[in-house]
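Overview (structure and organization)
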Amino acid sequence: THFGFETVAEGEKHKKVAEVFSSVARRYDVMNDLMSFGLHRLWKAFTIQISGVGCGDRVLDVAGGTADLSLAFAKRVGRDGQVWLTDINHAMLSRGRDRVLDRGFALPVAQCDAEKLPFPDNWFDCVTVAFGLRNMTHKDVALAEMRRVLRPGGRLLVLEFSKVWAPLAPAYDFYSFKILPWMGDKVAHDADSYRYLAESIRMHPSQDELKELMERVGLKRVDYFNLTGGVVALHRGYKL
Ligand code: SAM
């Protein structure tokens with residue numbers, strides 16, 4: 001049946017995502033720098049700047065992986081603040097936790113699915129999800145959960161690959177479908193995971209589609225910033 005097919009497909013996506021991130025966790029940070037020519041650092045720095053997070057704030061990093069954003073927030077919130085590093089994948093989260101400890105911070109860490117967040121309503125000042133949403137099976141459910149745990153006036157920031165500016169598309173396609181799997185093979189000995197990465201980027205909603213989805217789950221004043229010609233977009237929405 002149609003329903004049955006969907007169930008199988010969803011289960012498979014879940015399994016595939018778990019396989020991919022368990023497989024890439026060890027080389028994740030090196031590959032991130034290589035594949036994006038270091039640009040992911042600028043995209044994340046922009047996210048931190050736009051977040052408005054300051055001393056004493058409570059921040060939730062969903063799909064936080066190896067903790068780039070969590071670490072930057074930890075420096076901002078100070079002793080009175082709180083930053084939660086969360087991810088569904090144990091291998092990614094372990095690396096994240098180790099990196100946090102290596103840099104002299106102690107943050108609360110939770111292994112959880114973004115679609116069922118183990119936090120009370122109205123708790124966080126800011127929720128972020130960087131390069132995680134496109135891996136989620138039910139993006140609407142995950143976004144609604146992120147909205148639920150925000151306090152009124154709090155904001156959600158979604159940093160994600162998006163639809164690139166049309167004139168750049170041929171070069172970008174060549175890069176992501178040919179060079180990326182090749183690099184994945186040479187550096188991480190894992191062409192398949194990087195092929196999945198390119199495919200998942202293509203399947204992800206465009207800038208306006210994601211904006212609409214965020215509005216549909218009740219986020220307000222949703223806007224977005226295109227970064228590097230739309231290779232990546234940062235969406236922002238408020239719980240009002
Ligand atoms: N946020 C980190 C960064 O920007 O470097 C890691 C991004 S990594 C590309 C995507 C992360 O999303 C992986 O660590 C993966 O385990 C996580 N993820 C995928 N599906 C998830 C879900 N349903 N709930 C929570 N995390 C999920």
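Calculation criteria
- Residues numbered from 1 in each chain as written.
- Predicted model: local features only at pLDDT ≥ 70, side-chain atom pairs only at ≥ 80, totals over all residues.
- Heavy atoms only, no water.
- Pairing = 2+ DSSP bridges.
- Helix = DSSP H or I, 4+ residues; strand = E, 2+ residues; numbered from the N terminus.
- Axes fitted to C-alpha atoms, helices over the stretch in contact; angles between N-to-C directions.
- Contact = heavy atoms within 4.5 Å.
- Buried < 20%, exposed > 50% of the residue type's maximum accessible area, 1.4 Å probe, protein only.
- Lys, Arg positive; Asp, Glu negative; His and termini not counted.
- Salt bridge = Lys/Arg side-chain N within 4 Å of Asp/Glu carboxyl O.
- Near = heavy atom within 4 Å.
- Polar contact = N/O pair within 3.5 Å; in protein donor to acceptor, adjacent residues only side chain to side chain.
- Areas by Shrake-Rupley, 256 points an atom, 1.4 Å probe, with all protein chains shown as cover.
- Nonpolar A, V, L, I, M, F, W, Y, C, P; charged D, E, K, R; others polar.
- Right-handed = clockwise from strand over helix to strand, strands pointing away.
- Phe/Tyr/Trp six-rings, centres within 6.5 Å; stacked < 30°, edge-to-face > 60°.
- Lys NZ or Arg CZ within 6 Å of the ring centre and 35° of its normal.

Some thoughts on the sheet that holds strand β7 (residues 232–238)
Strand order in the open sheet formed by 7 strands is β3-β2-β1-β4-β5-β7-β6, and the pairing between neighbours is mixed. Edge positions in the open sheet fall to β3 (109–111) and β6 (220–227), since each of these has one partner strand only. With direction set aside, neighbouring strand axes in the sheet form an average angle of 15°. Two elements, strand β1 (residues 58–62) and strand β2 (residues 82–87), share 4 bridges in a ladder whose sense is parallel. Note on β2: the bridge partner recorded for Val59 is Val83. Contacts from helix α6 (residues 139–149) reach β1, β4 (124–130) and β5 (150–161), with the element oriented near 145° to β5. Strands β5, β6 and β7 of the sheet are contacted by helix α9 (residues 207–216), whose axis makes an angle of about 155° with β6.

Topic: the side chain of Lys139
Within the secondary structure layout, Lys139 lies in helix α6. At 7.7 Å, Glu160 is the nearest oppositely charged side chain to Lys139, a buried residue that forms no salt bridge.

Quick notes on the site of the ligand
Neighbouring the ligand are 20 residues; Ala63, Asp87, Asp113, Ala114 and Ala130 lie closest to it. Take Tyr28: an N or O atom from its side chain is 3.0 Å from an oxygen atom of the ligand. Lys44 has a polar side-chain atom sitting 3.0 Å from an oxygen atom of the ligand. Taken by itself the ligand offers 590 Å² of open surface, and the protein chains cover 97% of this. Where the shell around the ligand is concerned, the elements lending two or more residues are α1 (2–24) and α2 (28–35). Each residue belonging to the shell around the ligand can be placed in one class, and the counts come to 11 nonpolar, 6 polar and 3 charged.

Some thoughts on helix α4 (residues 68–77)
Most of α4 is tucked away: 7 of the 10 residues are buried. Those residues of α4 hidden inside the fold are in contact with α3 (39–51), β1, β2, α5 (90–102) and β4. Count one or two residues on from α4 and you reach Gly78, which has phi positive near 70°.

Regarding the environment of Arg202
If you trace the backbone, Arg202 turns up in helix α8 (residues 191–203). Since its relative accessible area comes to 26%, Arg202 is described here as partly exposed. Placed 10 residues apart in sequence, Arg202 and Glu212 show a C-alpha to C-alpha distance of 18 Å. Apart from residues lying up to four places away in sequence, Arg202 is in contact with Lys163, Tyr172, Asp173, Ser176 and Phe177.

Thoughts on the pattern of salt bridges
Note on pairing: side chains with opposite charge can pair once their charged atoms come close. Per the counting criterion, the structure on display carries 15 salt bridges. Between Arg99 and Asp68 there is a salt bridge, and its shortest N-O distance comes to 2.8 Å. A residue pair is termed long-range when its members are at least 10 positions apart, and Arg99 in helix α5 and Asp68 in helix α4 qualify at 31 residues. The pair formed by Arg99 and Asp68 is uniform in burial state, with each residue classed as buried. Linked through salt bridges whose partners overlap, the residues forming this network are Asp29, Lys44, Asp68 and Arg99.

Concerning the pairing of β4
Each regular strand shows side chains that alternate between the opposite faces of the sheet. Along β4, 7 of the 7 residues are buried, which leaves the element largely enclosed by surrounding structure. In terms of strand pairing, β4 meets β5 through 6 bridges, oriented parallel. Considered in β5, the bridge of Thr128 is made with Leu157. Read as a crossover between parallel neighbours, the route from β4 over α6 to β5 is right-handed.

What about the packing of aromatic side chains?
Evaluated as defined, the whole model comprises 7 aromatic pairs. Taking the ring centre of Trp123 as reference, the NZ or CZ of Arg58 above it sits at 3.6 Å. Geometry around Tyr238 places Arg221 over its ring, the cationic atom sitting 4.4 Å from the centre.

Details of the pairing of β5
With respect to burial, β5 is a largely interior element, 9 of its 12 residues being buried. Two strands pair when backbone bridges link them, and β5 and β7 are joined in this way by 7 bridges, in the antiparallel orientation. Residue Phe161 lies in a different strand from β7, and its bridge partner there is Val232.

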